[in-house]
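# Coordinate inspection notes
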Amino acid sequence: MSTQAIETTRFLSHDAVRTIAHQFGTPVYVYDEARLTQAAQEVLHFPNAFGLTARYAMKALPNGNILRLFDRLGLHFDASSGFEVERAMQAGIAAHKIALTAQELPQNFPTLHAAGVALNACSLAQLRYFGERFPGQELGIRFNPGLGSGGTNRTNVGGPAASFGIWHEDRATVQAIVRKHALKVIRIHTHIGSGSDPEVWQHVAGMSIGLLEHFPDAHTLNLGGGYKVGRMSHETSTDLQEVGQPVVQTFVAFGEATGRRIQLEVEPGTYLVANAGCVITTIHDRTRTGKDGYDFLKIDSGMTEVLRPSMYGAQHPLVVVPATEAAEQEQGLTLDAIVAGHCCESGDILTPSAGDPEALEPRTLRDAAIGDYLVIEGTGAYCSGMSSKNYNSFPEAPEVLYRGPEQEPVLIRKRQTLDQIVQNEVLV
Ligand SMILES: *Cc1c(COP(=O)(O)O)cnc(C)c1O
């Protein structure tokens, strides 16, 4: 028996769930424009001493309509690959608003650079590459500050076990390469992980500003993203004002000591989109595995749309919505169930134990019948963009934006067809 509260839908009424399911079919991603806008405003008001650029880490949810919405609201962008850069530019984002912070530099990097895309060099090899081709020019450098934080070891991207950024002890080598090519390091960048604890984040902010002492041309410190978001109702989200205020003092103190007014950059992904998205699925089967077993609800979705539970043991609110308005009236019964995805993969489970994808933890839900809907909440970030797409030849699910004061559901990505799944196959 689970001790957690029965979750409720976050931004869709049960009627809206049924309407959208009828109109677009299931599974379907739905994003709430009002919540996206609210989160963007919060990030744009991140505490800062001498100015702020807020970027959206677009890998969290890369649909072009989301990028355009954030662009209109005043956000800039962080891209994790050359393909993301091009995708953003295709959606109409100006190149000068995009920074590339990537494990792998694209072949066409010189073209993107010429268009105005900024680079944060993430390795000594990237720094040398840039120096040889673009001597005397401006760039940023991503350091691994030696300390990381993250919801799980899979989301921690700082410290000795993470390959992201240049190891902080290699600073002298960095300076030598910078001198050799007369580069101008205008931005220092750190990003330590997703789901960071505020204390660790503040500590790393302090360490990172220390790096600026060695880079006199740097006018900007980018502290990455990673602000923890509570998806389940018992979890809490980062208060950006609270986490940011002490860092303002750090910038002010640095300014008094050095006369340098350092600009702040932040680049959240999760914070901007996580709780602004859900996936509507249909319960298509139920089964019980004996007296000592479990009740399973099987849905028409799973790791093909939401991989995080199988990958990290991430917990998402799960809400049963009756198939009809009439069935809404039947109250009272609950069910402790394991929710299984539709992939032929025993790890395709929506109800792992927190942080442990291998342990099953029955969830208390409203009792459900075949044909009812199950809404997976908190799926705005790292779901549509990070799934085991096309496994078992399930087509990519459509995306809908719940838009405007009328809260009109607008299709922003069609459901994929089988032909599209196999279109690049060459039958010989
Ligand atoms: C993924 C990523 C982010 C965003 O992380 P969130 O945890 O989604 O906020 C920011 N910066 C860089 C460099 C990233 O790789």
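Note: the structure precedes this text.
The written sequence of each chain sets the order in which its residues are numbered from 1. The predicted origin of the model limits local features to residues at a pLDDT of at least 70 and limits the giving and counting of side-chain atom pairs to 80 or more, whereas totals for whole chains, interfaces and linings rest on all residues. Working from all heavy atoms in the structure, the side-chain values ignore hydrogens and water.

### Section: the environment of Pro268
Numbering goes from the N terminus for both helices and strands, where a helix is a DSSP run of H or I of at least four residues and a strand is a run of E of at least two. Looking at where Pro268 falls in the secondary structure, it is placed in the loop between strand E10 (263-266) and helix H10 (270-273). Separated by 106 residues in the primary sequence, Pro268 and Ala162 have C-alpha atoms spaced 19 Å apart. Pairs of residues are marked as contacts when any of their non-hydrogen atoms sit within 4.5 Å. Beyond its immediate sequence surroundings of up to four residues, Pro268 is in contact with Val43, Arg55, Tyr56, Ala57, Gly224, Gly225 and Tyr227.

### Details of the pattern of salt bridges
We define a salt bridge as a side-chain nitrogen of Lys or Arg found within 4 Å of a carboxyl oxygen belonging to Asp or Glu. The final tally for this structure, using the stated rule, is 14 salt bridges. Between Asp15 and Arg18 there is a salt bridge whose closest N-O contact spans 2.9 Å. With Asp15 and Arg18 both in helix H1 (residues 14-24) and three residues apart, the pair spans about one turn of that helix. The exposure class of Arg18 is buried, given its relative accessible area of 6%. Across the pair Glu396 and Lys389 runs a salt bridge, and its minimum N-O distance is 3.2 Å. Through salt bridges with shared partners, one network takes in Asp15, Arg18, Glu328 and Arg366. Accessible area is worked out with a 1.4 Å probe on protein chains only. A residue is then buried under 20% of its type maximum, exposed over 50%, and partly exposed in between.

### Some thoughts on the side chain of Asn120
Positionally, Asn120 belongs in strand E5 (residues 118-121). Looking at Asn120, the relative accessible area reads 0%, which means it is buried. A polar side-chain atom of Asn120 sits 3.0 Å from a polar atom in the side chain of Thr101. Every residue in contact with Asn120, bar those within four places of it in the chain, is listed here: Ala99, Leu100, Thr101, Gln126, Gly140, Ile141, Arg187 and His189. Polar contact criterion, stated in full: a pair of N or O atoms within 3.5 Å, where within protein one must be able to donate a hydrogen and the other to accept it, and residues adjacent in sequence count only if both atoms are side-chain atoms.

### Describing the packing of aromatic side chains
Two rings from Phe, Tyr or Trp (for Trp, the six-membered ring) form a pair when their centres sit within 6.5 Å of each other. Planes less than 30 degrees apart are called stacked, planes more than 60 degrees apart edge-to-face, and all others tilted. Tallied over the full model, the rule gives eleven aromatic pairs. Ring centres of Tyr56 and Phe70 lie 4.8 Å apart, and the angle between their planes is 70°; on these two criteria the pair is classed as edge-to-face. With Tyr56 in strand E2 (residues 52-57) and Phe70 in helix H3 (residues 64-73), this pair connects stretches of sequence that are 14 residues apart. In this pair, the class of Tyr56 matches that of Phe70, namely buried. Ring centres of Tyr294 and Phe296 lie 6.1 Å apart, and the angle between their planes is 75°; this geometry places the pair in the edge-to-face category.

### Describing the pairing of strand E8 (residues 184-189)
Along E8, five of the six residues are buried, which leaves the element largely enclosed by surrounding structure. Should DSSP find at least two bridges between two strands, the strands are regarded as paired. Pairing geometry for strand E6 (residues 138-144) and E8, over five bridges, is parallel. By the bridge assignment for E8, Ile141 is matched with Ile188. As paired elements, E8 and strand E9 (residues 220-222) share three bridges and run parallel to each other. Bridge pairing in E9 places His189 opposite Asn222.

### A short note on unusual backbone geometry
Going from Thr26 to Pro27, the amide bond is cis rather than trans, its omega being -5°. If you trace the backbone, Pro27 turns up in the loop between H1 and strand E1 (28-32). Positive phi values are uncommon outside glycine, yet Tyr382 reaches one of about 55°. One can find Tyr382 in the loop between strand E18 (373-377) and strand E19 (399-403). Judged by relative accessible area, Tyr382 falls into the buried class, the value being 12%. Notably, Gln407 is not glycine yet its phi reads approximately 50°, a positive angle. Locating Gln407 in the fold gives a position in the loop between E19 and strand E20 (408-413).

### Topic: the nonpolar core
Taken as a class, soluble globular proteins show a tendency for nonpolar side chains to be buried jointly. For the purposes of this section, nonpolar cores are sets of buried Ala, Val, Leu, Ile, Met, Phe, Trp, Tyr and Cys residues that join through side-chain atoms within 4.5 Å. In this structure, Tyr56, Ile66, Phe70 and Val273 are the most contacted members of the largest nonpolar core, which totals 96 residues. Once residues within four sequence positions are removed from consideration, Val273 is found in contact with Leu36, Tyr56, Ala60, Leu61, Ile66, Phe70, Gly380 and Ala381. Among the nonpolar cores identified, the runner-up in size contains 17 residues, and Phe11, Leu12, Ala16 and Ile280 belong to it.

### Observations concerning the environment of Lys414
Considering the arrangement of structural elements, one finds Lys414 in the loop between E20 and helix H12 (418-422). Residues Lys414 and Phe24, 390 residues apart in the sequence, show an inter-C-alpha distance of 9.0 Å. With sequence-adjacent residues up to four places away left out, Lys414 is seen in contact with Glu396, Ala397 and Pro398.

### Considerations on the side chain of Ser301
Tracing the backbone through its elements, the reader meets Ser301 in the loop between strand E12 (295-299) and helix H11 (308-312). On the basis of relative accessibility, which here comes to 0%, the residue Ser301 falls in the buried class. Ignoring any residue separated from it by four or fewer positions in sequence, one finds Ser301 in contact with Pro27, Val279, Thr281, Gly341, His342, Asp348 and Ile376.

### As for the pairing of strand E14 (residues 334-340)
Of all seven residues in E14, five are buried; the element is thus mostly enclosed. Taken together, the four bridges between E12 and E14 define a ladder with parallel strand orientation. Bridge pairing links Leu297 to Val339 in E14. Strand direction decides the pairing type here: E14 and strand E17 (residues 363-366), joined by four bridges, are antiparallel.

### Considerations on the packing of helix H6 (residues 124-133) against helix H7 (residues 171-180)
In the contact formed by H6 and H7, the axes pass within 10 Å of each other and the chain directions differ by 10°. Taken together, the axes of H6 and H7 are roughly parallel relative to one another. Here Leu124, Leu127 and Arg128 of H6 lie close against H7, whose contacting residues are Thr173, Val174 and Ile177. Axis geometry follows a simple rule: fit a line to the C-alpha atoms, using only the stretch in contact for helices, then measure angles between N-to-C directions, giving values from 0 to 180 degrees. Put simply, angles under 35 degrees are roughly parallel, angles over 145 are roughly antiparallel, angles from 65 to 115 are roughly perpendicular, and the rest are oblique.

### As for helix H8 (residues 198-211)
Each residue after the first adds 1.5 Å to the expected span of a helix. Counted at 1.5 Å a residue, the expected span for H8 with its 14 residues is 20 Å, and the 20 Å between its end C-alpha atoms agrees. Along H8, the residues that are buried comprise Trp201, Val204, Ala205, Ser208, Ile209 and Leu211. Each buried residue of H8 sits inside an arc of 140° when the element is viewed along its axis, so together they form one side. In the core, the buried residues of H8 are packed alongside E6, H7, E8, E9 and helix H9 (240-258). Each direction from the helix axis to a C-beta atom contributes to the arc, which is the arc of those directions.

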